[in-house]
Amino acid sequence: MKTITVSGAVILRKNPKTSLPEIFATQRGYGDWKGWWEIPGGKLESGETPQQCIVREIREELATEVKAEKLLGVVEYDYPAFHLTMHCILCTVISGELKLLEHEAAKWVNKETLHSVNWLPADQLILPEIEKLLISSSSI
């Protein structure tokens, strides 16, 4: 089975109105999984680290510069056509407005709304770590 290695950006911010921590979720606008939600990101290129990949991918997909802060976890998942290895990286926005260049929709979700979207199967595996992050960031 073919393996695809990607980086996913867990973009964290404090909501400017509520001060609650939240992450940026995007809805796929194409392919077999159109309409499903994911953390944004994409495939690693040859010679690229997962951190370099996520900075490039977010620039390309969302016209935004992010800082790759730390690795939250690595997800392994078997889709019908391929095996996915996804490096989930905590990121913060350095500059830009998160413009949707490839996705159908996007929203900020917090610990209460994290499960309100239909996450891709592989992305569901990192949700426990994201929940811990959202809870621990509440006290900051």
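Residues numbered from 1 in each chain as written. Predicted model: local features only at pLDDT ≥ 70, side-chain atom pairs only at ≥ 80, totals over all residues. Heavy atoms only, no water.

Draft legend 1. Here's a closer look at the packing of aromatic side chains. Overall, the coordinates contain five aromatic pairs when judged by the stated rule. Aromatic pair Tyr77 and Tyr79: ring centres 4.7 Å apart, planes at 65 degrees, arrangement edge-to-face. The class of Tyr77 is partly exposed, set by a relative accessible area of 26%. Judged by relative accessible area, which is 6%, Tyr79 ranks as buried. Linked through ring pairs, Trp33, Trp36, Tyr77, Tyr79 and Phe82 together constitute an aromatic cluster. When the ring centre of Trp37 is taken as reference, the NZ or CZ atom of Lys107 above it lies at 5.4 Å. (Phe/Tyr/Trp six-rings, centres within 6.5 Å; stacked < 30°, edge-to-face > 60°. Buried < 20%, exposed > 50% of the residue type's maximum accessible area, 1.4 Å probe, protein only. Lys NZ or Arg CZ within 6 Å of the ring centre and 35° of its normal.)

Draft legend 2. Looking closely at the pairing of strand E1 (residues 3-14). Strand direction decides the pairing type here: E1 and strand E6 (residues 83-96), joined by nine bridges, are parallel. Residue pairing across strands places Thr3 opposite His83, the latter belonging to E6. Sheet topology places E1 next to strand E4 (residues 41-43); three bridges connect them, and they run antiparallel. Note on E4: the bridge partner recorded for Ser7 is Gly42. Bridging between E1 and strand E2 (residues 21-28) involves three bridges; their strand directions are antiparallel. Note that in E2 the partner of Leu12 across the bridge is Ile23. Two successive antiparallel strands, E1 and E2, enclose a turn made up of six residues, where Ser19 displays a positive phi of approximately 65 degrees. (Pairing = 2+ DSSP bridges. Helix = DSSP H or I, 4+ residues; strand = E, 2+ residues; numbered from the N terminus.)

Draft legend 3. Region of the structure containing the state of the cysteines. Under the definition given, this model contains zero disulfides. For Cys88, which is in no disulfide, the shortest distance to another cysteine sulfur is to Cys91 and amounts to 10 Å. In this structure Cys91 is a free cysteine whose sulfur lies 10 Å from that of Cys53, the closest cysteine sulfur available. The exposure class assigned to Cys91 is buried, which follows from its relative accessible area of 0%. (Disulfide = S-S within 2.5 Å.)

Draft legend 4. Here's a closer look at the layout of surface pockets. In this structure, the largest pocket spans a volume of roughly 530 Å³. Surrounding the largest pocket, 25 residues form its lining, Val6, Arg28, Glu38, Phe82 and Leu84 being those nearest its centre. For the lining of the largest pocket, the secondary-structure elements that each account for two or more residues are E1, E4, helix H1 (50-62) and E6. Broken down by element, the residue count for the lining of the largest pocket peaks at four residues, all from E1. (1 Å grid on protein atoms, 1.4 Å probe; cavity = no way out; pocket = protein on both sides within 12 Å on 5 of 7 lines; lining within 4 Å. Points joined across faces, edges and corners; volume = space filled by probe spheres on them.)

Draft legend 5. Spatial organisation of the side chain of Thr26. Structurally, the position occupied by Thr26 is in strand E2. Overall, the relative accessible area of 0% leaves Thr26 in the buried class. Filtering out sequence-adjacent residues up to four positions away, Thr26 remains in contact with Trp36, Trp37, Glu38, Ile39, Pro40, Leu100, His103, Ala105 and Ala106. (Contact = heavy atoms within 4.5 Å.)

Draft legend 6. Summary view of the pairing of strand E5 (residues 64-78). Across 13 bridges, E5 lies against E6 in antiparallel orientation. In the sheet register, Lys67 faces E6, and the bridge partner there is Thr92. Taking the residues that link successive antiparallel strands as the turn, the E5-E6 hairpin has four residues.

Structural measurements only, silent on function.
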